[in-house]
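Fold and geometry: a report
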Amino acid sequence: MSYKILEKREMVPNVHLIKVDAPDVAKAARAGQFIILRIDEEGERIPLTIADYDVEEGSVTIIFQEMGKTTKQLGTLSCSDDLQDFVGPLGHPADVRNLGTVVLVGGGIGIAPIHPQAKAYREAGNRVISIIGARNEGLLILEDEMRARSDELYVATDDGSKGHHGFVTDIVKEILDGDEEEVARIVVIGPPIMMRVAAGVIAPYDVETIVSLNPIMIDGTGMCGGCRVSVGGKTKFACVDGPEFNAKDVDFDLLMSRLSLYRDEEGQALENYNKCCSGSDCKCQ
Amino acid sequence: MPVQDPQERNSNFNEVALGYTEEQAVLEAGRCLECKNPKCMEGCPVNIDIPGFISKIKVRDFDGAIAKIKETNALPAICGRVCPQEEQCEILCILGKKSEPIAIGRLERFCADHERETNVEKRPVAEPSGKTVAVVGAGPAGLTVAADLARVGHSVTIFESLHEAGGVLIYGIPEFRLPKSIVKEEIDFITKLGVDVKVNYVIGRIKTLNELRDEFDAIFIGTGAGLPKFMGIEGENLNGVYSANEFLTRVNLMKAYRFPEYDTPIKPGKRVVVVGGGNVAMDAARCAQRLGADEVTIVYRRGDEELPARREEIEHAKEEGIVFRLLNNPVRIVEGENMTVAGVECIKMELGEPDGSGRRRPVPIEGSEHLIDADIFIVAIGTSPNPIIFTGSEGLERSEWGTIVVNEDGMTSIEGVCAGGDVVTGAATVISAMGAGKLAAETINTYLMDN
Ligand SMILES: Cc1cc2nc3c(=O)[nH]c(=O)nc-3n(C[C@H](O)[C@H](O)[C@H](O)COP(=O)(O)OP(=O)(O)OC[C@H]3O[C@@H](n4cnc5c(N)ncnc54)[C@H](O)[C@@H]3O)c2cc1C
Ligand SMILES: Cc1cc2nc3c(=O)[nH]c(=O)nc-3n(C[C@H](O)[C@H](O)[C@H](O)COP(=O)(O)OP(=O)(O)OC[C@H]3O[C@@H](n4cnc5c(N)ncnc54)[C@H](O)[C@@H]3O)c2cc1C
Ligand code: FES
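What this report covers is the structure whose coordinates are included nearby. (Residues numbered from 1 in each chain as written. Chains lettered and ligands numbered in written order. Predicted model: local features only at pLDDT ≥ 70, side-chain atom pairs only at ≥ 80, totals over all residues. Heavy atoms only, no water.)

1. Details of the overall build of chain A
How we decide: The numbering of helices and of strands both runs from the N terminus, where a helix is a DSSP run of H or I of at least 4 residues and a strand a run of E of at least 2. Atoms considered for the radius of gyration are the C-alpha atoms alone. The globule rule reads 2.2 Å times the number of residues to the power 0.38. By definition in these notes, contact holds between two residues if any of their heavy atoms fall within 4.5 Å.
For chain A, the helix and strand inventory stands at nine helices and 16 strands. The C-alpha radius of gyration of chain A comes to 19 Å, within 12% of the 19 Å expected for a compact globule of 285 residues. For the C-alpha atoms alone, the extent of chain A along its principal axes is close to 60 × 40 × 40 Å. Taking all contacts inside chain A whose residues are at least 6 apart in sequence as the whole, residues at least 24 apart take part in 64%.

What follows is the structure in structure tokens.
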């Protein structure tokens, strides 16, 4: 099978948006779910969150950050190129219900997966307060889209180039400390370290907090167990039991440790790729 | 049968058993007595006319021989390689009473390989019936159902969740035991019958069983038993602990043994411990050996006689230098630096009274704990049906073990929906999955013709 790329653009340096022709996936997709793709025969299967889907057009949009070999190679593809495999939707949809006020927090590339949730929570009747953050203004994605989908939007940057100077968690804390909002749920998606910090910051307030976990996956259907995470002392397979879990129960140290398992091999793959692609007879592009 | 030298093969992924030459096949076939009441056939779950095909080999009618086999078995090149013949057909062979039984599996393999090499015509398909059938899962059970129903003219679509068809044959059983090119050719044969294979379709996610029921006239579920079991011991989430499914999927489906040419990595390990005694454990151990481990140890809680793997695989594993620590069971995985595996603590076992299955139950010997050095630990203690198919399958009856309940014709609690293979029996064999597929195909055909 092959899946055509309908649209491709670089949103900010090293972050790309790709819209893929996958009508059956679009029809079944819900906020919170992900897909797994493989670029070509030699490729690795990598999971990416569904950032948007359009049933009429039959398309699914993914947004990804260049991290290593596969995401870098994916970044070089262009409109009308094909992906060899594209399977989804995988994982449970986000548990979107009318709860009252919901705070959505997206850090860095984590804004991409938060973005369909803003729409879904709002459509379910919630008041949606979104907080998005990046290292600096130049790396911030989806600001306009998030503004349109939220009742209120806060921006934070590490260097203060836009919005609050500091972390997204500072704003979460401010909202929880204030008495204007009765927050029913907080959803935090971003790098594991950020989700761990957020879980710690929110813990004293006793507000339900959901995170979306990103362990290394292969099949995404529960058959390998490579994606196991520890939640409330129990082993769960993130691809089928999640990817969303209650933040207070998650063992983030284990998650981060397991994510680093193939660091050497990833380095080697990227080095080979860079070497090959700087040569004149590059086959990769 | 000629094999690759153990010292050479334990560092490559090429096929171990090389197969008969024409001369060897004719010679072996010549020993067949062509019994009037062939006992061997009673042991074959798909009822191959064994003396029938062997008699054709005797007279060098190899095309006739394979045609005979393919009357009842769509995947002979695979069955010839992976069936436990020693427990099925060959054990019943009269010659076996006095000397060696006829090597039925090897002859079956020879016929299939000969056909592939010489490319004989495929047999014709019946007129289209206008009926549609969805098959969920492209393992041996699903492929058999698809072939049988396509042959009688039904329009069959297979939905497979992985990016390649074949089930365990593709992701589990390694290249050196079952070359993937062979599996692909057998699947080509099935697509040539007109079967549409849709990969990357996870039923329960992209579509539910209930939705398929509305779209198709009948359904077969052959989703296997792909959910890995872990032992529930301390340290099982450490870096370096793999389920056999993950280890084998990385190696076989994703070709991690060819990293970095292929992108998927694997931790090969220096000292690898595999727990389990079935084909899965043998395959994982032999893969680890080929990836370059210094020492690979199989830990199994019963004795040599009880090892459930095919005898040939156990022998091959021993020849290749795999260490067997029998009557031993892991109780804890020892943590090293940075959440990695440093070793496996095992306890010695002895065999007690027979349990419900008639096998003697292993009991731990108190105080016999000891440590085995290891950096990779692979869990191969079994699998159960993957529940993902059950999302949106209201009305489908399941047992307490998560397997699908079927009647004696292979029909589930939903009319027009059959099931078979590992998803019904729990982890079993290729040929039993195919046997269940044959039965289900007959049931579905009757159902379609009656409705
Ligand atoms: C459910 C889920 C949803 C995700 N959604 C997004 C998203 O929307 N946008 C986005 O940019 N990223 C997302 N990721 C992360 C993305 O999958 C990884 O960045 C990508 O696999 C890296 O591959 P690589 O070859 O480019 O980098 P590598 O150099 O191979 O790895 C870089 C890092 O990514 C992680 N990683 C590597 N391989 C995998 C794998 N097969 N599965 C998961 N993680 C892996 C490792 O921790 C590694 O340290 C998601 C991950 C999961 C599990
Ligand atoms: C490593 C290993 C070695 C083995 N060695 C031998 C041997 O030597 N001899 C022998 O006889 N047997 C052996 N077996 C057992 C044998 O392979 C199985 O019994 C047999 O493959 C079962 O066939 P099946 O069609 O029921 O399921 P499977 O082969 O498991 O196929 C099921 C298929 O369904 C797909 N699927 C699952 N869920 C879904 C879904 N929701 N939607 C779509 N598709 C889905 C899976 O991806 C898979 O492709 C071995 C098994 C393993 C794991
Ligand atoms: S990715 Fe294989 S079980 Fe989750």
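2. What about the pattern of salt bridges?
Residues and elements named next belong to chain B. Counted only if it meets this: Salt bridge, as used here: a side-chain nitrogen of Lys or Arg that lies within 4 Å of a carboxyl oxygen of Asp or Glu. Classification of residues uses two cut-offs on accessible area relative to the type maximum, computed with a 1.4 Å probe and protein chains only: under 20% is buried, over 50% is exposed, and between them is partly exposed.
For the structure on display, the rule yields 56 salt bridges over all chains. Note that Arg109 and Glu15 form a salt bridge whose closest N and O atoms lie 3.3 Å from each other. Here Glu15 lies in the loop between helix H1 (6-9) and helix H2 (22-29) and Arg109 lies in helix H7 (residues 104-118), a separation of 94 residues in the sequence. The exposure class assigned to Glu15 is buried, which follows from its relative accessible area of 17%. Taken together, the shared-partner salt bridges in this structure form one network comprising Arg9, Arg177, Asp283, Arg286, Arg290, Arg310, Glu313, Glu319 and Glu320.

3. Considerations on the state of the cysteines
The cut-off we apply is this: Disulfide: a pair of cysteine sulfur atoms within 2.5 Å of each other.
Following the criterion strictly, the structure yields zero disulfides over all chains and no others. Just so you know, B:Cys111 is unpaired, no disulfide at all, and the nearest cysteine sulfur is the one on B:Cys32, 12 Å from it.

4. Considering the site of ligand 1
Residue and element names in this part refer to chain A. Quick reminder of the rule: Near, as used in this document, describes a residue that has one of its heavy atoms within 4 Å of the molecule or strand being considered. Polar contacts here mean pairs of N or O atoms no more than 3.5 Å apart (in protein, one a potential hydrogen donor and the other a potential acceptor; neighbouring residues in sequence count only if both atoms are side-chain atoms). Note that accessible areas follow from Shrake-Rupley with a 1.4 Å probe, and for residues the cover is restricted to the protein chains shown.
Around ligand 1, the structure places 23 residues, and the nearest of them are Pro47, Thr49, Gln65, Thr71 and Leu259. In this structure, an oxygen atom belonging to ligand 1 sits 2.7 Å away from a main-chain N or O atom of Pro47. At 3.0 Å from an oxygen atom of ligand 1 is found a main-chain nitrogen or oxygen belonging to Gly68. Coverage of ligand 1 by the protein chains reaches 89% of its 860 Å² of free accessible surface. Elements with a contribution of two residues or more to the shell around ligand 1: strand E4 (46-54), strand E5 (59-65) and helix H2 (69-76).

5. Description of the pairing of strand E8 (residues 101-107) of chain A
Residues and elements named next belong to chain A. Heads up, the condition is: Two strands are said to pair when DSSP picks up at least two bridges between them.
Along E8, seven of the seven residues are buried, which leaves the element largely enclosed by surrounding structure. A two-sided burial pattern is seen for E8, the buried positions comprising Thr101, Val103, Val105 and Gly107 on one face and Val102, Leu104 and Gly106 on the other. Note that E8 and strand E9 (residues 127-134) share seven bridges and pair parallel. Residue pairing in the sheet places Leu104 in a bridge with Ser130 of E9.

6. A few points about the sheet that holds E5(A)
Strands pair in a sheet through their backbones, by hydrogen bonds, and they do so in one of two ways: parallel or antiparallel. Residues and elements named next belong to chain A. Formally: The axes used here are C-alpha line fits, helices contributing only the stretch in contact, and every angle between their N-to-C directions lies in the interval 0 to 180 degrees.
Here we have seven strands laid out as an open sheet, ordered E6-E1-E2-E5-E4-E3-E7, and antiparallel in their pairing. Only two strands of the sheet have a single neighbouring strand rather than two, namely strand E6 (82-83) and strand E7 (85-90). When E4 meets E5, the two strands line up antiparallel, connected through four bridges. The residue of E5 that forms the bridge with Asp52 is Thr61. Along the sheet, H2 contacts strand E1 (3-12), strand E2 (15-21), strand E3 (34-38), E4, E5 and E6; its crossing angle with E5, the most-contacted strand, is approximately 125°. Strand contacts of helix H3 (residues 111-123): E4 and E5, with the helix running at about 35° to E4, the strand carrying the most contacts.

7. So, the pairing of E1(A)
All names here are of chain A. Across two bridges, E1 lies against E6 in antiparallel orientation. Bridging across to E6, Lys4 finds its partner in Asp82. As paired strands, E1 and E2 are joined by six bridges and run antiparallel to one another. Looking at the pairing, Ile5 lines up with Val20 of E2.

8. Here's the deal with the interface of chain A and chain B
To keep it simple, the criterion reads: Accessible-area loss on putting two parts together, using a 1.4 Å probe and summing over both, is the definition of buried area adopted here. Throughout this entry, Asp, Glu, Lys and Arg are counted as charged residues, while Ala, Val, Leu, Ile, Met, Phe, Trp, Tyr, Cys and Pro are counted as nonpolar. The remaining residues, Gly among them, count as polar.
Listed by partner, the interface residues are 48 residues for chain A and 42 residues for chain B. Buried area between chain A and chain B, summed over both chains or domains, comes out near 3,900 Å², and the portion from carbon and sulfur atoms is 54%. Residue A:Lys69 is joined to B:Asp263 by a salt bridge in which the shortest nitrogen-to-oxygen separation is 2.9 Å. Here chain A and chain B share 21 residue pairs in polar contact (both at pLDDT 80 or more) between them. Among the elements of the structure, helix H1 (23-28), H2, E7, strand E14 (228-231), strand E15 (234-237), helix H8 (252-259) and helix H9 (263-278) of chain A are those that each provide at least two residues to the side of chain A that touches chain B. Broken down by element, the residue count for the side of chain A that touches chain B peaks at six residues, all from E7(A). Split by residue class, the side of chain A that touches chain B holds 18 nonpolar, 17 polar and 13 charged.

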